[in-house]
Amino acid sequence: MDTKINFTVNGKPRTVTTSPSRPLLEVLREDLQLTGTKYGCGEGQCRACTVWVNGESTPSCLISIGDVDKADIVTIEGLADGDRLHPVQEAFLAEGAFQCGYCTAGMVMGVAGALKKNPSASGMEVIAQMQKHICRCGSYAKYKKAIFRAVAETGKVHA
């Protein structure tokens, strides 16, 4: 049975009427056309689908739309401040921290979420938080450089 679900996505109030058991990832991509969040494994193991739910990094394939009623959600499309990229986005761009790019949005959201939670985290602390994020292209060396750059930048601009 379909249910009306109200939530905020990237600062905008949204309402969908759908089965509450549908994955948040599916609703974001198919109903709201927010396709930056990627489907990877569907089991929360790769974290390509990471978004923030009430400020917490969350694999959107594992949470149902019914579980985010009245929640605040941020996707990769909402991370920048208008035309100004988030410091983590800037760091990933500056370091060329992507290859195919499929996992990049989830990686950026994961790093930004770790720095939001602990703005004074060290690079190694952020890397430890990123252990569940998988890049099938193996671009980890570039991701590591981007993480260290982002950590350095958070001293100037808080996540």
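Just above, that's the structure.
Read on for an overview of the structure. (Residues numbered from 1 in each chain as written. Predicted model: local features only at pLDDT ≥ 70, side-chain atom pairs only at ≥ 80, totals over all residues. Heavy atoms only, no water.)

1. Looking at the overall build of the protein
On a plain count of helices and strands, the protein comes out with five helices and five strands. Its helices and strands taken in sequence order, the protein reads β-β-α-β-β-β-α-α-α-α from the N to the C terminus. Dimensions of the protein along its principal axes, counting C-alpha atoms only, are 50 × 30 × 25 Å. Buried positions account for 45% of the 159 residues belonging to the protein. Taking the intrachain contacts of the protein between residues at least 6 apart in sequence as the baseline, contacts between residues at least 24 apart amount to 59%. Summed over all atoms, the accessible surface of the protein reaches about 8200 Å², with 50% contributed by carbon and sulfur. Here the protein contributes 18 positively and 16 negatively charged side chains, and the mean placements of these two sets differ by 5 Å. (Helix = DSSP H or I, 4+ residues; strand = E, 2+ residues; numbered from the N terminus. Buried < 20%, exposed > 50% of the residue type's maximum accessible area, 1.4 Å probe, protein only. Contact = heavy atoms within 4.5 Å. Areas by Shrake-Rupley, 256 points an atom, 1.4 Å probe, with all protein chains shown as cover. Lys, Arg positive; Asp, Glu negative; His and termini not counted. Charge placed at Lys NZ, Arg CZ, Asp CG, Glu CD.)

2. Structural notes on helix H3 (residues 104-117)
Taking 1.5 Å per residue as the helical rise, H3 with its 14 residues ought to reach 20 Å, and the 20 Å between its terminal C-alpha atoms agrees with that figure. Burial runs high along H3: 12 of the 14 residues are buried. The set of residues buried in H3 consists of Thr104, Ala105, Gly106, Met107, Val108, Met109, Gly110, Val111, Ala112, Gly113, Ala114 and Leu115. Tucked into the core, H3 has its buried residues touching strand S3 (50-53), strand S4 (56-59), strand S5 (72-74), helix H2 (87-95), helix H4 (123-129) and helix H5 (140-154). (Expected span 1.5 Å × (residues − 1).)

3. A look at the packing of H2 against H3
Taken N-terminus to C-terminus, the directions of H2 and H3 make an angle of 130°; their axes are 9 Å apart at the nearest point. It follows from the interaxial angle that H2 and H3 lie oblique. The crossing of H2 and H3 is right-handed. Two secondary-structure elements touch here, H2 through Val88, Gln89 and Phe92 and H3 through Thr104, Met107, Val108, Val111, Ala112 and Leu115. In the contact of H2 with H3, the residues fall into seven nonpolar, two polar and no charged. (Axes fitted to C-alpha atoms, helices over the stretch in contact; angles between N-to-C directions. Parallel < 35°, antiparallel > 145°, perpendicular 65-115°, else oblique. Left-handed = near helix turned anticlockwise from the far one by under 90°. Nonpolar A, V, L, I, M, F, W, Y, C, P; charged D, E, K, R; others polar.)

4. Some details on H2
At 3.6 residues per turn, the α-helix brings residues three or four places apart onto the same side. Those residues of H2 that fall on the buried side of the exposure criterion are Pro87, Val88, Gln89, Ala91 and Phe92. Just past H2, the residue Gly96 takes up positive phi, approximately 60°.

5. Describing the side chain of Arg47
By the element assignment, Arg47 lies in the loop between helix H1 (24-31) and S3. Salt bridges are absent for the buried Arg47, whose nearest opposite-charge side chain, Glu43, sits at 9.8 Å. Residues within four places of Arg47 in sequence aside, it is in contact with Pro59, Gly106, Lys132 and His133. (Salt bridge = Lys/Arg side-chain N within 4 Å of Asp/Glu carboxyl O.)

6. Section: the packing of aromatic side chains
Throughout the structure, instances matching the rule amount to one aromatic pair. Judged by centre distance (5.4 Å) and plane angle (40°), the rings of Phe92 and Tyr143 are tilted. Of this pair, Phe92 sits in helix H2 while Tyr143 sits in helix H5, and the two are 51 residues apart along the sequence. There is no split in this pair, since Phe92 and Tyr143 are both buried. (Phe/Tyr/Trp six-rings, centres within 6.5 Å; stacked < 30°, edge-to-face > 60°.)

7. Quick word on the sheet that holds strand S1 (residues 3-9)
Taken in spatial order, the five strands make up an open sheet running S2-S1-S5-S3-S4, and their pairing is mixed. At either margin of the open sheet sits one strand with a lone partner, and together these are strand S2 (12-18) and S4. On average, adjacent strands in this sheet sit at an angle of 40° to one another, irrespective of strand direction. With seven bridges joining them, S1 and S2 adopt antiparallel strand pairing. Note on S2: the bridge partner recorded for Lys4 is Thr17. Packing of H1 onto the sheet brings it into contact with S1, S2, S3 and S5, and relative to S3 it is tilted by some 105°. Those strands touched by H3 are S3, S4 and S5, and its axis lies near 35° from that of S3. (Pairing = 2+ DSSP bridges.)

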